[in-house]
Amino acid sequence: MNIIGKDIPRKDAELKVTGRAKYIDDLTFPNMLYVKVLRSRFPHAMIKDIDISRTKNNKGIVTILTYKDIPGVNVVPVVLMDQPLLAEKEVRYIGEPIALIAGEDKEATEDASHEIKVEYEELKPIFDPVLAMKRNSPKIYGKDNVFSHHRIRRGNIKRGFNECDIIIEHRYTTSYQEHAYIETQGMIAVPYEETMVIYGSMQCPFYVQDAVSKILGLPYNRVEVIQTATGGAFGGKEDVPSLVASQAALIAFKTRRPAKLIYSREEDIESMSKRHPAVIHYKSGVTRDGHLNAVEVKYILNAGAYSTLSPIVLWRGTVHAVGPYKCPNVKVDSYATATNTVPCGAFRGFGTPQITFAVESQMDELANKLNMDPIEFRLKNILRKGDRTVTGHLIKDSMELEKTLKKAAQIGWKIKKEESKDYIKRGIGVACNYYGVGLGAGGKHLSKAGAMVSVLGDGSVNFAVGTTEMGQGMETVLSQVAASELGIKYEKVSIVLTDTTRVPDSGPTVASRATVMSGNALIKACKPIKKSITDIAAKMLGCAPSKVKLANGFAGFEKKRINLDDVVSECFKEKRIMSAQGWYKAPYTSWNKATGQGKPYFIYSTGTNIAKVEVNLLTGEVLVKKIVAVHDVGRVINPQTAAGQVEGGVLQGVGYALFEEMDSRDGKIQNTNFSTYILPTSKDSPQIVSVFVEDPYPEGPFGAKGLGEQPLIGVAPAITNAIFNATGIRVRDLPATPEKIILELDSRQGKF
Amino acid sequence: MIKIKFTVNSEEREIVTEPTRTLLSILREELGLTGTKEGCGKGECGACTVIMDGKPVPSCLVLACQLDGCEITTIEGLSENGNLDPLQKAFIEEGAVQCGFCIPGMIMSAKALLMRNPSPTEDEIKEAISGNLCRCTGYTKIVKAIEKAAKMIIHHG
Ligand code: FES
Ligand code: FES
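Values in this document were obtained by computation on a predicted structure and should not be read as measured data.

Q: What is the right way to look at the interface of chain B and chain A in this model?
A: When the parts of a complex come together, some accessible area is lost, and that lost area is often used as the size of the interface. Contact residues are listed per partner, giving 42 residues for chain B and 51 residues for chain A. With both sides pooled, the region where chain B packs onto chain A buries about 3,700 Å², and carbon together with sulfur makes up 54% of that total. When residues of chain B are sorted by the area they lose upon contact with chain A, Gln-98, Cys-99 and Arg-135 of chain B head the list and together hold 21% of the total. Summed over the shared surface of chain B and chain A, the result is eight salt bridges. For Glu-660 of chain A, the salt bridge goes to Arg-135 of chain B, with nearest N and O atoms at 2.7 Å. The interface formed by chain B and chain A holds 29 residue pairs in polar contact (both at pLDDT 80 or more) in total. Contributing elements (two or more residues each) for the side of chain B that touches chain A: helix H1 (23-30), helix H2 (86-93), helix H3 (103-116), helix H4 (122-128) and helix H5 (140-156) of chain B. In terms of residue count, the dominant contributor to the side of chain B that touches chain A is H2 of chain B (four residues).

Shown next, in the form of structure tokens:
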């Protein structure tokens, strides 16, 4: 039986349903200290004085550290190196870390954190990402508060619009989105002889290793990072765990004792990264026959006080700024600006959900203006094999957007023409999206991955990779890949904890890249071992190695079968290679910074969402009844896990569309808990029909591309387009809360 | 400090503790039962759900002074001699687990539901777990798993 493409139960499920899986807060070490972070209460201020003299001697308090105690450099390394671990003279957002307190128990540490007096001198803050670029606004980064700017220039924008018959231009805004992983951030740093060992919840152990070594002034080989079971991440544990780990590590380094730091929910929401709020000006035009001919975009992200990942989030958003469509004349300018707010970062979709909301709203409106069915209109414009993207990338492989669109339409596209008189209005909406898999030209030097495979004497297998499991199912999918490659039973294959000492730096677990990158590295690692097994099996079976078939625990030749365990044991007697490393380097990508032309990603996943909604005209509430989600992600390795990714992504998209709204006033987030920041519950979950069209990607492991982020991206615009279809209300500011719908309805009373 | 006597997973326990200490903290830090998780500490996420005298409760809101004489079941008490509870089996089979952090609480809420209502409707299931936040799964497979577990229990007793 081939196990690729099968619903194999998850490797980690039993541990998790029995409560035996070990998350970071489940671990303790002898003599362990508890750490608490003292944070800024002002969005922008000078620190005049920190008075720790009294608190230092509190019962149970072991040490209090400030930036002066950092032995290495006071910087959290991401892209631009502008963020300190602990503020020195100036604080730039509410929640910025100032000092670290370590104590024998949680309570003493917590109490001390309230007693420390910090004397501030307030400075003028800036909160608005657009005003931040104005000449007279307070400067918190460089001369213009712009962390990063990207552009695309294609064709002739002026002529392009002149040729159009219909042009529409609108402004869109989107809100923060909180990751709301149910496990908050947490780390334990354990000094062990000359090495600092870090355990914790994270996506990117190699980022953490880099950060801790910079802060402590230690070489990489003296910092070992081990990922523990991670209770959700969604991008929110990409870069910020570097801060958490460095905070714990500094205490551990100074006290030579294990140090545990678990963020409270409030602290996590207040100070950790989120999806960037965006302001988007979008102008697009079509010819009468329905061809998209010109697009001009200005895309602004509120990056917050430090740049963190914003330059690359912005870059990805820029690349995807026209959506999965052909367009000969394009001008895109994008900016990530500095404000005195919490730094934003990676969140599932990485800069594309915001822009896709604008793209797909415009497409819907253009179809409407053309009097054309939105699906038919998209079919005229979508990318197919042989087309060029707006960055000039000629698509050669796996691009089945058309199939996803047609399949979704076939399952769920029926526009009701007759108007129901009722106060409940029903509507349907569609949105397409595409997503460059992997880091692409924006993170080229990280586009690599390693794997280590070891077949042991009894025929069981251990493998290690440098990417991480955070709930998405990587462990299971990669176990399927290794088992299938070696012909060994799935049950005998297991992954070891991701640990920086086991595999070379494999870059981050982001950008839906784990399956392709680690999968390919794993296949390469299996190669020499497979050769050992095949050679010996051939001898035992009395045939040529090329005739041996390995599958499901057996080696076979014609009608003869022998147990692989026996072959493995023979391999050991013969001293054959039974463990090996694999290395995979991503295919070529390129980017011209001045023109925005090139091959930004090596492959794209694509998808179509159709949403069915009911809008209550009395309350303004929107109920999502059904989402049809059709995705093209190459070959699907585990349909059940893949469907799980879609269902989870869809519901995050529903939250993003309708109720996840962060109330930030004067730089202070008001809703720092789950009774005020509203997450979708079981009752908000619509019927989700998830379907995959499979067009194998020749470079991917068994033909797979990437999936993780795709499912969320197109959901919000599909819903807002459905709201338009139901009511004629065009929502241009996410989320589409009942208040906004009611306001709109009020402002045009009498229309229904 | 108070002395309390209560039962955890059918085992008698007697501890001396602060009256305001939470059940969650007692379970995790005093008794080493780390299967019960903390997601908010404020009764808003359901990750810490345990069964107290037959009812699902957020253990982060239950204080030591309310515990005397109570009977508590946690996720660790669900499988007997290594035999998984039908809910645990169904969660595995249906692929209802992703990061897993919400799962112990989710399963305890579902267990309490099935104890009082052996064949719940889809809406009743959704209602019963509406206080358990899951950020990964979209709840679809969780609801299916609970439906399946209910059937397993009815068919096999
Ligand atoms: S930790 Fe108890 S409800 Fe969240
Ligand atoms: S499985 Fe991750 S929160 Fe539910």
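Q: What is the right way to look at the nonpolar core in this model?
A: A general trend in soluble globular proteins is that nonpolar side chains are found buried together. Ranked by internal contacts, the top residues of the largest apolar core, which has 196 residues, are Ile-198, Ile-719 and Ile-723 of chain A together with Phe-91 of chain B. Core analysis: the next-biggest nonpolar cluster, separate from the first, contains 54 residues, Val-437, Tyr-490, Val-568 and Tyr-697 of chain A among them.

Q: Before we go on, may I ask you to explain the pattern of salt bridges in this structure?
A: Where charged atoms from two side chains of opposite charge approach closely, those side chains can pair. All names here are of chain A. For the coordinates displayed, the defined rule picks out 55 salt bridges over all chains. Where Arg-257 meets Glu-104, a salt bridge forms, and the shortest distance between an N and an O atom there is 2.8 Å. Taken together, the residues span a long stretch of sequence, with Arg-257 in the loop between helix H6 (241-255) and strand E12 (259-262) and Glu-104 in the loop between strand E5 (97-103) and helix H3 (106-115) at a distance of 153 residues. Taking the relative accessible area as the measure of exposure, Arg-257 reaches 14% and is therefore buried.

Q: Looking at this structure, I do not really get the environment of Ala-249 of chain A. What am I missing?
A: Its place among the elements puts Ala-249 of chain A in helix H6. Setting aside residues no more than four positions away along its own chain, Ala-249 of chain A makes contact with Ala-189, Met-196, Ile-198, Val-212 and Leu-216 of chain A.

Q: Just to check I follow, could you spell out the side chain of Glu-475 of chain A for this structure?
A: Residue and element names in this part refer to chain A. In this fold, Glu-475 is placed in helix H12 (residues 474-486). For the buried Glu-475, no salt bridge exists, and the shortest N-O distance to an oppositely charged side chain is 6.1 Å, to Lys-16. Sequence-distant contacts of Glu-475, that is, excluding residues within four places in its chain, are made with Lys-11, Asp-12, Phe-463, Glu-469 and Ile-495.

Conventions and cut-offs
Residues numbered from 1 in each chain as written. Chains lettered and ligands numbered in written order. Predicted model: local features only at pLDDT ≥ 70, side-chain atom pairs only at ≥ 80, totals over all residues. Heavy atoms only, no water. Contact = heavy atoms within 4.5 Å. Buried area = accessible area lost by both parts, 1.4 Å probe. Salt bridge = Lys/Arg side-chain N within 4 Å of Asp/Glu carboxyl O. Polar contact = N/O pair within 3.5 Å; in protein donor to acceptor, adjacent residues only side chain to side chain. Helix = DSSP H or I, 4+ residues; strand = E, 2+ residues; numbered from the N terminus. Core = buried A, V, L, I, M, F, W, Y, C linked by side-chain atoms within 4.5 Å. Buried < 20%, exposed > 50% of the residue type's maximum accessible area, 1.4 Å probe, protein only. Lys, Arg positive; Asp, Glu negative; His and termini not counted.

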